[in-house]
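# Fold and contact review
For reference, the chains in residue letters:
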Amino acid sequence: MQRLIINGGSRVCGEIKVQGAKNSALPLLAGCLLAGGEVRLTNCPELSDVYAALRILSRFGCRCSFKNNTAEVNSAELTEYSVPEELMREMRSSIVFLGAALGRMGQCRLSFPGGCELGPRPIDLHLSALKQMGVKITEEHGELCCTCPKGLRGAKINLSFPSVGATENIMLAAAVAKGETVIYNAAREPEIAELAKFLERCGARVSGGGCSTVRINGVEKLHGCEFEVMPDRIAAATYMAAAAATRGELGLTSVRCADVQSVLNVFEHAGADIFCGKDSIFMSFAKPLRGVKTVRTMPYPGFPTDAQAVVMAALATAEGTSVMVENIFESRYRHVDELVRMGADIKTEGKVAIIEGVQSLYGARVRACDLRGGAALAVAAVGAKGRTVIENVKYIDRGYENIEKALNSIGADVYRSNDS
Ligand code: EPZ
């Protein structure tokens, strides 16, 4: 098992180009299945989750390659409609392939995506929407057997929660359904707007992507295209947090300010000086970091749940008290115990976390329990006094492209070791 060794205490200083977005690349890769031709995704991050998605595409019969941050997928010939459990378990969000598989093959068989480190990950919104579109779904031995014998048909779908994955699945299925689909209370995350742009480039008819009402008029079939993956707004927030934790200063390029506005607002409240360019941000934490009350995670454009852990790690050494409320996932505080091992003073009660700023954190042996919690430990370690060993780096590798190289490029001292 690999681990990160981080010698903390140096200030983050420098400039970093933000990687392509994991949470955009994954639905776009599902879109490749639907396209039915050759798709080139550029600026695609090299992540274990991306490789897992490419394995699923290969399983369906796609011809896939990945080189120099470009994924090439040709889905002209599909040979399989089932995804075995071992592939589904590799990545919880693989449910997003369901809509595209049904759109191309009219059937799909996949195992229930397991829960994950964030607690139960229900897919009721995905399944009820697909049923409205004519999909018959039965469950046999933990597998979902989905067929649409009469083809997919457009429907008016009201989402009780603006689920990102459900919005993406519905858009993918609706692109080639008969008639119009309207999604009310759709997720408004930037990744949704990107998926809409991608589908349109493949010949779909989509309007309102990124807004709370999305309209899709189904077409017979799509075609391939070339598409650039957007910058990863959560990776950007992570490196901002590392700058905050070390009172450093950081330039970020290839980042869209609007995508991270809610995170910038929190850091501004905490005392950062921030300058936004067209696709760059400069942040300086010269002033003392102040505690922030209250950071509530919300659907976009609210503060993103994925940035909660890394911002908490930065606020652990702020002056005064910070309060965070995790409204999206049931158990997304598993990093707290590990931060406390490093000297943080954090108490949680249900959704609420109270962070009492301490003078400094100290290096310790800690364990990543999930992707963003692991990144939070890296943020804390960069600012801590002494050496930290982070176990279970595989979680971090799901969403961060070579995190040790990225952190070292802005002044940190990180190396990766394999368990002897
Ligand atoms: C996407 O997950 C992201 N993953 C998550 O990022 C992110 O945290 C989440 O959106 C919220 O922004 C990808 O894009 C691959 P949801 P998703 O459906 O689609 C409940 C990361 O760290 N819900 O918007 O699974 C669900 O339980 C990952 O990069 C239902 O109840 O998120 C959760 O409480 C983690 N029924 C809430 O909605 C459903 O059918 C948000 O889920 C679906 C969701």
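Residues numbered from 1 in each chain as written. Predicted model: local features only at pLDDT ≥ 70, side-chain atom pairs only at ≥ 80, totals over all residues. Heavy atoms only, no water.

## Side note on the overall build of the protein chain
Helix and strand content of the protein chain: 14 helices and 24 strands. In terms of overall dimensions, the protein chain has a C-alpha envelope of 65 × 45 × 40 Å along the principal axes. The burial tally for the protein chain puts 59% of its 420 residues in the buried class. Partitioning the contacts of the protein chain with sequence separation of at least 6, the portion at a separation of at least 24 is 73%. A total of about 16,100 Å² of accessible surface is found on the protein chain, and carbon and sulfur atoms cover 48% of it. Side chains of the protein chain carry 48 positive and 46 negative charges; the gap between the two charge centres is 2 Å. (Helix = DSSP H or I, 4+ residues; strand = E, 2+ residues; numbered from the N terminus. Buried < 20%, exposed > 50% of the residue type's maximum accessible area, 1.4 Å probe, protein only. Contact = heavy atoms within 4.5 Å. Areas by Shrake-Rupley, 256 points an atom, 1.4 Å probe, with all protein chains shown as cover. Lys, Arg positive; Asp, Glu negative; His and termini not counted. Charge placed at Lys NZ, Arg CZ, Asp CG, Glu CD.)

## Considering the packing of aromatic side chains
In this structure the tally under the stated criterion is 6 aromatic pairs. For the pair Phe198 and Phe227, a centre-to-centre distance of 5.6 Å together with 90 degrees between the ring planes defines the contact as edge-to-face. Placement of the pair is Phe198 in helix α7 (residues 190–201) and Phe227 in strand β14 (residues 225–228), with a sequence separation of 29 residues. Per residue, the accessibility class of Phe198 equals that of Phe227, and both read buried. (Phe/Tyr/Trp six-rings, centres within 6.5 Å; stacked < 30°, edge-to-face > 60°.)

## A closer look at the site of the ligand
The local shell around the ligand holds 23 residues, among which Asp124, Leu125, Ser163, Asp306 and Ile328 are the closest. One of the side-chain N or O atoms of Asp306 is found 2.5 Å from an oxygen atom in the ligand. Separating an oxygen atom of the ligand from a side-chain N or O atom of Arg372 is a distance of 2.8 Å. Considered on its own, the ligand offers 820 Å² of accessible surface; in the complex 87% of this is hidden by protein. Broken down by secondary-structure element, the contributors of at least two residues to the shell around the ligand are α1 (22–35), α5 (124–132), α6 (164–174) and α12 (371–383). For the shell around the ligand, a count of residues per class yields 10 nonpolar, 6 polar and 7 charged. (Near = heavy atom within 4 Å. Polar contact = N/O pair within 3.5 Å; in protein donor to acceptor, adjacent residues only side chain to side chain. Nonpolar A, V, L, I, M, F, W, Y, C, P; charged D, E, K, R; others polar.)

## A word on the sheet that holds strand β18 (residues 295–296)
With mixed pairing, the 4 strands of this open sheet are ordered in space as β18-β19-β21-β20. A strand with exactly one partner marks an edge of an open sheet, and here the two such strands are β18 and β20 (345–349). As defined by bridge partners, strand β19 (residues 321–325) adjoins strand β21 (residues 352–356) across 5 bridges and the pair is classed as antiparallel. What sits directly across from Val325, in β21, is Val352. Across the sheet, helix α10 (residues 308–315) is in contact with β19, β20 and β21; its angle to β19 comes to roughly 170 degrees. (Pairing = 2+ DSSP bridges. Axes fitted to C-alpha atoms, helices over the stretch in contact; angles between N-to-C directions.)

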